[in-house]
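Chain by chain, the residues:
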Amino acid sequence: MIDSVDVYVLLKVASIQHRDSWAQGPLAAKIGVSSSTVNRALKRAAEVKLYDPARKRINVHAFEQALVCGAKFFIAPKRGGDVRGVLTAWAAPPLDEMISSSELLLPVWPHPQGEARGLSIEPLHPSAPAVAKEDPEFYALLALVDALRIGSSREGDLAKRELHRRLRDGSDLG
């Protein structure tokens with residue numbers, strides 16, 4: 001069984017696998033987790049056929065299917081009140097350009113240096129808000145998964161299409 005930190009690691013691998021070679025240590029440093037966390041996440045992902053360790057590749061088709069069908073149920077976030085943070089889900093790129101929201105308080109990951117106020121949504125990993133500022137592609141994938149986790153069917157459908165496009169872009173798996 002995989003959990004939210006595993007999805008966090010797999011999203012980072014998915015964001016780079018088609019354009020960069022990578023190693024566990026540097027990847028861990030880029031996303032604010034330990035090397036052992038990355039190693040355990042990849043082992044669990046390999047056990048459920050979401051990752052091929054021999055090729056160091058995500059099984060894009062299976063990973064996408066797991067996210068679309070299960071994110072809302074298996075990695076549902078804790079929600080909180082009004083906080084300062086980093087925009088996520090449909091309030092963040094890329095969905096913010098597709099959806100105009102009339103909500104006064106948009107979903108945010110709590111972060112003291114966040115530039116927005118909104119309703120707190122627990123990120124997949126505590127380091128996500130800080131890492132997102134440095135890595136736009138990873139941030140987009142995290143926000144899309146959050147739209148699947150907390151969004152209505154409209155936001156979920158848009159997130160599903162965009163996630164499909166981004167995960168498949170340049171990938172030879174699936």
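The structure we're discussing is the one just above.
Residues numbered from 1 in each chain as written. Predicted model: local features only at pLDDT ≥ 70, side-chain atom pairs only at ≥ 80, totals over all residues. Heavy atoms only, no water.

Which parts of the structure should I look at to understand the pattern of salt bridges?
Side chains that differ in sign of charge can pair as their charged atoms come close. In total, this model carries eight salt bridges according to the counting rule given. Where Arg166 meets Glu137, a salt bridge forms, and the shortest distance between an N and an O atom there is 2.8 Å. With Arg166 in helix α7 (residues 153-168) and Glu137 in helix α6 (residues 136-150), the pair connects residues that are 29 residues apart, well separated along the chain. A relative accessible area of 24% means that Glu137 is categorised as partly exposed. Between Glu162 and Arg166 there is a salt bridge, with its nearest N and O atoms 2.7 Å apart. Of this pair, Glu162 and Arg166 both sit in helix α7, four residues apart, which is roughly one turn of that helix. With respect to burial, Glu162 and Arg166 carry one shared label: buried. Overlapping salt bridges bring together Glu137, Glu162, Arg165 and Arg166 as one network. (Salt bridge = Lys/Arg side-chain N within 4 Å of Asp/Glu carboxyl O. Helix = DSSP H or I, 4+ residues; strand = E, 2+ residues; numbered from the N terminus. Buried < 20%, exposed > 50% of the residue type's maximum accessible area, 1.4 Å probe, protein only.)

Any chance you could explain helix α4 (residues 60-74) here in plain terms?
An α-helix turns once per 3.6 residues; consequently, residues spaced three or four apart project the same way. When the local axis directions of α4 are compared, the greatest deviation, roughly 45°, occurs at Val68. When we look at burial in α4, the residues that qualify are Val60, Ala62, Phe63, Glu64, Leu67, Gly70 and Ala71. In this structure, the buried residues of α4 make contact with α1 (4-16), β2 (57-58), α6 and α7. (Bend = angle between axes of the 7 residues up to and from the residue. Contact = heavy atoms within 4.5 Å.)

Is there a simple way to think about the side chain of His111 in this case?
Secondary-structure assignment places His111 in the loop between β4 (106-110) and β5 (116-121). A residue is classified by how much of its surface remains accessible, and His111, at 16% relative accessible area, is buried. Apart from the residues within four sequence positions on either side, His111 is in contact with Arg84, Gly85, Val86, Pro129 and Ala130.

How should I be thinking about the packing of aromatic side chains in this particular structure?
Geometry of an aromatic ring pair is reported as the spacing of the ring centres plus the angle between the planes. A complete count under the given rule lists three aromatic pairs for this structure. Taken together, a centroid distance of 6.5 Å and an interplanar angle of 50° make the contact between Trp22 and Tyr51 tilted. One end of the pair, Trp22, is in the loop between α1 and α2 (24-31); the other, Tyr51, is in strand β1 (residues 51-52), with 29 residues separating them in the sequence. Residue Trp22 shares its accessibility class with Tyr51, and that shared class is buried. Relative to Tyr139, the ring of Trp109 lies with its centre 5.7 Å away and its plane at 50°, an arrangement referred to as tilted. (Phe/Tyr/Trp six-rings, centres within 6.5 Å; stacked < 30°, edge-to-face > 60°.)

What am I meant to see in the environment of Gly70 here?
Assignment of secondary structure puts Gly70 in helix α4. Remark: the alpha-carbon pair of Gly70 and Val145, spanning 75 residues in sequence, is separated by 10 Å.

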